[in-house]
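Next come the chains, spelled out residue by residue.
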Amino acid sequence: MPKGDALGEFELLVLLAVVRLADDAYGMRVRQELADRTRRDVSIGAVYATLDRLEVKGLVRSLLGEPTPERGGRAKRVFALTGEGVQAVNRAQADLARLTEGLTLPLPSLKPGGGS
Amino acid sequence: MTLLHVGRWLLWLCVPAFLEQAVSGDLEEEYVTAVLPQRGSWWAAWWYLGQVVRSVVPLLRMQWRGDLPAVALLAMVAVPLPLALLELLWAFVYSQVPLKADLVRGWQAVAVNAAVLAAFSATAGALAASLPTSGWWRAVVLLALCELAWTALVLAVSPAATPRGYAALLLLLSPGTCLAGAALILWRNRSWRDES
């Protein structure tokens, strides 16, 4: 796999949020899903920048949805994983499983500064 | 102008044209359905502005793949290059004059600087308005803001003395003529459409 195709941590989180939201995966819902499940307060711009990057990599595709009144008549852009996106998530999950195999998790916390 | 207006304007300026509906619609939806009912209008307006301010850098990065490089290049050629040359010329003339304690720029020098800057800036505005893009008005406003910033920077680092009136004239002139150049193109295009 070329280095540029590797998934970053935030990219993986966004992909997983898109999977969880299924047909409701648009920017605002992805942002809320990340806030609810990972307690990360990310900006809408950061979410769209990541989704745009994932679309360029071919891991997600987007479709324009219907405009609604609460959106001021503006259309949603709904995202879904592509086949490559599914493979990327499965590969990341498998890598993580192999690396954590045999470890006792969660790891014991260390004192600040790295000493045991 | 309220905080909400500032936020909406800033978002309009930064968001790439292909994401305008999605991003502004999402923010509007969350503002109307979640933040406003729970927190009230004052806090909700701050939330909206905060979201936009935090989104400026990622949105502008996405714009960089669109018209922003052309806008940045236009702004660079339209203002700092001619203005810096004119300022250097005046600094050279000033250095050649003996007993110059009370020497100030003559109105002719100011007029030449203003005319050159206006011509370059209006041409850049007209070119930005001709960009083959759905977000050309955004490109023009970004260009005008870039020109304003460049003018301020060149005047700040100019080797020649810059009286306040002269600085104010150029600071008004560069974005103003840029917008005027764009408006001229818009008017011309409309005239052509009406004729055809």
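No experiment lies behind these values; they were computed from the predicted model shown.

Undergrad: Can you explain the overall build of chain B? Please cite residues and give values.
TA: Counting secondary structure elements, chain B contains eight helices and zero strands. Counting from the amino terminus, chain B carries its helices and strands in the arrangement α-α-α-α-α-α-α-α. The 196 residues of chain B split such that 43% are buried. Long-range contacts, defined as pairs at least 24 residues apart, comprise 75% of the intrachain contacts of chain B with a sequence gap of at least 6. With an accessible surface of roughly 10700 Å², chain B has 71% of that area assigned to carbon and sulfur atoms.

Undergrad: Please set out the overall build of chain A residue by residue, giving values where relevant.
TA: Tallying secondary structure elements over chain A gives four helices and two strands in all. Each helix (α) and strand (β) of chain A, taken in turn from the N terminus, gives the series α-α-α-β-β-α. Looking at chain A residue by residue over its 116 residues, the buried ones come to 36%. Pairs at least 24 apart in sequence give 47% of the contacts found in chain A among residues at least 6 apart. In the form shown here, chain A has an accessible surface area of approximately 7100 Å², with 54% of it arising from carbon and sulfur atoms.

Undergrad: Run through the nonpolar core, naming residues and quoting values.
TA: One finds Val-14, Val-18, Val-30, Leu-34 and Tyr-48 of chain A together with Leu-11 and Tyr-48 of chain B to be the most contacted residues of the largest nonpolar core, which totals 41 residues. Those elements that provide at least two residues to this core are helix H1 (9-21), helix H2 (27-38), helix H3 (44-56), strand S2 (77-81) and helix H4 (83-100) of chain A together with helix H1 (3-14), helix H2 (20-39) and helix H3 (41-63) of chain B. Among residues more than four places away in sequence, those in contact with Tyr-48 of chain A are Gly-27, Arg-77 and Phe-79 of chain A together with Leu-19, Ala-22, Val-23, Asp-26 and Met-62 of chain B. Counting residues in hydrophobic clusters, the runner-up holds 31 residues, among them Ala-128, Leu-131, Trp-136 and Cys-178 of chain B.

Undergrad: Explain the confidence of the model for chain B to me, and be specific about the residues and the numbers.
TA: Residue and element names in this part refer to chain B. The predicted model of chain B averages 85 in pLDDT, with 93% of residues at 70 or higher. When mean pLDDT is compared element by element in chain B, H2 scores highest at 93, while helix H4 (residues 68-78) scores lowest at 80. At the level of chain-chain contacts, confidence expressed as ipTM amounts to 0.84, with global pTM at 0.68.

Undergrad: Describe H1 of chain A, and please don't skip the residues or the numbers.
TA: Residues and elements named next belong to chain A. End to end, H1 covers 19 Å across 13 residues, agreeing with the expected 18 Å (1.5 Å per residue, within 8%). All of the buried residues in H1 are Phe-10, Glu-11, Leu-13, Val-14, Leu-15, Ala-17, Val-18 and Leu-21. Contacts from the buried residues of H1 go to H2, H3, strand S1 (60-64), S2 and H4.

Undergrad: Talk me through helix H6 (residues 107-129) of chain B; I want residue IDs and the actual numbers.
TA: Each turn of an α-helix holds 3.6 residues, which means side chains three or four residues apart point in the same direction. The end-to-end C-alpha distance of H6 of chain B is 32 Å, a good match for the 33 Å that 23 residues give at a rise of 1.5 Å each. Burial in H6 of chain B covers these residues: Val-110, Asn-113, Ala-114, Leu-117, Ala-118, Ser-121, Ala-124, Gly-125, Ala-126, Ala-128 and Ala-129 of chain B.

Undergrad: Tell me what's going on with the interface of chain A and chain B, and back it up with residues and numbers.
TA: Interfaces are often sized by the amount of accessible area the parts lose when they come together. Taken together, the contact between chain A and chain B spans 21 residues of the former and 22 residues of the latter. Summing both partners gives a buried area of about 1900 Å² for chain A against chain B, and 51% of it is carried by carbon and sulfur. Joining chain A to chain B, the criterion identifies four salt bridges. With a closest N to O distance of 2.9 Å, Glu-29 of chain B and Arg-71 of chain A form a salt bridge. For the side of chain A that touches chain B, the elements supplying multiple residues, two or more each, are H2 and H3 of chain A. At seven residues, the largest contribution of residues to the side of chain A that touches chain B is made by H3 of chain A. Looking at the side of chain A that touches chain B residue by residue, the class counts come to nine nonpolar, four polar and eight charged.

Undergrad: So, unusual backbone geometry: which residues are in play, and what are the values?
TA: Trans peptide bonds make up the majority, and among non-glycine residues the majority have a negative phi. All names here are of chain A. The omega torsion across Leu-105 and Pro-106 is -5°, close enough to zero to call that bond cis. Examined against the element boundaries, Pro-106 turns out to sit in the segment after H4. With a phi angle near 50°, Ala-22 is a residue other than glycine that sits in the positive phi range. Ala-22 sits in the partly exposed class, given a relative accessible area of 46%.

Undergrad: I'd like a rundown of the pattern of salt bridges, residues and numbers included.
TA: A full pass over the atoms with the stated rule returns 13 salt bridges over all chains. The partner of Arg-31 of chain A in a salt bridge is Asp-41 of chain A, and the shortest N-O contact between them spans 3.4 Å. Highlighted residues: Arg-31 of chain A in helix H2 and Asp-41 of chain A in the loop between H2 and H3, separated in sequence by 10 residues. Asp-26 of chain B is the partner of Arg-71 of chain A in a salt bridge, and the nearest nitrogen-oxygen pair spans 2.6 Å. You can see Arg-71 of chain A sitting in the loop between S1 and S2 and its partner Asp-26 of chain B sitting in helix H2, one on each of two chains. Across this residue pair, the class does not change: Arg-71 of chain A and Asp-26 of chain B are buried. Within the structure, one salt-bridge network assembled from shared partners comprises Arg-31 and Asp-41 of chain A together with Glu-30 and Arg-54 of chain B.

Cut-offs used in this document
- Residues numbered from 1 in each chain as written.
- Chains lettered and ligands numbered in written order.
- Predicted model: local features only at pLDDT ≥ 70, side-chain atom pairs only at ≥ 80, totals over all residues.
- Heavy atoms only, no water.
- Helix = DSSP H or I, 4+ residues; strand = E, 2+ residues; numbered from the N terminus.
- Buried < 20%, exposed > 50% of the residue type's maximum accessible area, 1.4 Å probe, protein only.
- Contact = heavy atoms within 4.5 Å.
- Areas by Shrake-Rupley, 256 points an atom, 1.4 Å probe, with all protein chains shown as cover.
- Core = buried A, V, L, I, M, F, W, Y, C linked by side-chain atoms within 4.5 Å.
- pLDDT = per-residue confidence, 0-100.
- Expected span 1.5 Å × (residues − 1).
- Buried area = accessible area lost by both parts, 1.4 Å probe.
- Salt bridge = Lys/Arg side-chain N within 4 Å of Asp/Glu carboxyl O.
- Nonpolar A, V, L, I, M, F, W, Y, C, P; charged D, E, K, R; others polar.

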